[in-house]
Amino acid sequence: RVGAGLGEVTIAKGKTAAVIAIVATAVSMLAYYLFSGVVASIALFLNVMMIFGVMIFIRQPLSLPGLAGIVLTIGMAVDANVLIFERIREERAKGAADRLSVRNGFDRASATIFDANITTLIASIVLYWIGTEQVRGFAITLTIGILCSMFTAVFVSRIIFEVCERLKWVNLAMVDGIALTKGKIFGSRDIDYM
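Since this is a predicted model, take the numbers as computed values, not measurements.

Caption draft 1: Looking closely at the layout of surface pockets. Computed from the structure, the largest pocket encloses a volume of approximately 160 Å³. What lines the largest pocket is Lys15, Ala18, Val19, Ile22, Val48, Phe52, Leu62, Leu67 and Ile70. At the level of secondary structure, the elements contributing two or more residues to the lining of the largest pocket comprise helix H1 (4–33), helix H2 (35–57) and helix H3 (64–93). For the lining of the largest pocket, a count of residues per class yields eight nonpolar, no polar and one charged.

In structure tokens:
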């Protein structure tokens with residue numbers, strides 16, 4: 001049967017999926033990156049709140065494709081944080097101080113983050129230009145999400161790190177589950193994948 005009730009059920013399931021995605025992502029970031037995961041979770045929360053704020057401001061209705069755009073944005077925001085945190089990990093492995101590790105981590109990851117987000121933004125604009133109403137809802141949400149994601153990942157996260165570093169709250173220890181798992185399976189030998 002087709003009716004308005006099915007739309008409500010679909011949107012309710014979409015909201016549930018979005019909430020599960022946000023919570024699972026935040027928990028994963030907290031477990032793997034520890035303090036940096038807290039920063040990423042704060043940035044992720046602000047990102048989602050900014051998306052909703054902008055959508056309310058421009059009076060964009062939230063549809064099922066719009067929820068899909070939010071979930072995709074969450075993934076891209078986490079990807080930006082992972083790029084930054086892995087760069088920070090590399091800097092720490094070189095023996096850099098915390099402040100220098102954070103600064104270099106953000107500086108070296110920023111170009112990659114901008115590149116990835118700009119290409120997705122171009123695709124989002126094309127989707128809006130040639131798409132149907134549902135696709136346009138996805139494109140608008142994705143565009144807002146990309147812009148908010150770049151702001152929270154590159155600017156807000158960096159400010160949080162710098163404030164916490166000055167207050168001596170920062171702890172850049174991170175769990176390296178992949179290296180631990182590889183070590184348990186293969187021992188200390190390196191694997192030549194090529």
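Caption draft 2: Region of interest: H2. Over its 23 residues, H2 extends 33 Å from the first C-alpha to the last, a length consistent with the 33 Å expected when each residue adds 1.5 Å. Every buried residue of H2 is listed here: Phe35, Ser36, Gly37, Val39, Ala40, Ser41, Ala43, Leu44, Asn47, Val48, Ile51 and Met55.

Caption draft 3: Representation of the pattern of salt bridges within the structure. Considering all chains together, one arrives at nine salt bridges under this definition. Between Glu90 and Arg87 there is a salt bridge, with the nearest N and O atoms lying 3.7 Å from each other. With Glu90 and Arg87 both in helix H3, this residue pair falls three residues apart, about one helical turn. The exposure class assigned to Glu90 is partly exposed, which follows from its relative accessible area of 42%. We classify Arg87 as partly exposed; its relative accessible area is 31%. The closest approach of N and O atoms between Arg136 and Glu133, which form a salt bridge, is 3.9 Å. Taken as a pair, Arg136 and Glu133 lie in helix H5 (residues 133–166) at a separation of three residues, close to a single helical turn.

Caption draft 4: Seen up close, the environment of Phe85. You can see Phe85 is positioned in helix H3. Judged by relative accessible area, which is 0%, Phe85 ranks as buried. Not counting residues within four places of it along the chain, the set of residues in contact with Phe85 comprises Met29, Tyr33, Ser36, Gly37, Ala40, Phe161 and Met174.

How each quantity is defined
Residues numbered from 1 in each chain as written. Predicted model: local features only at pLDDT ≥ 70, side-chain atom pairs only at ≥ 80, totals over all residues. Heavy atoms only, no water. 1 Å grid on protein atoms, 1.4 Å probe; cavity = no way out; pocket = protein on both sides within 12 Å on 5 of 7 lines; lining within 4 Å. Points joined across faces, edges and corners; volume = space filled by probe spheres on them. Helix = DSSP H or I, 4+ residues; strand = E, 2+ residues; numbered from the N terminus. Nonpolar A, V, L, I, M, F, W, Y, C, P; charged D, E, K, R; others polar. Expected span 1.5 Å × (residues − 1). Buried < 20%, exposed > 50% of the residue type's maximum accessible area, 1.4 Å probe, protein only. Salt bridge = Lys/Arg side-chain N within 4 Å of Asp/Glu carboxyl O. Contact = heavy atoms within 4.5 Å.

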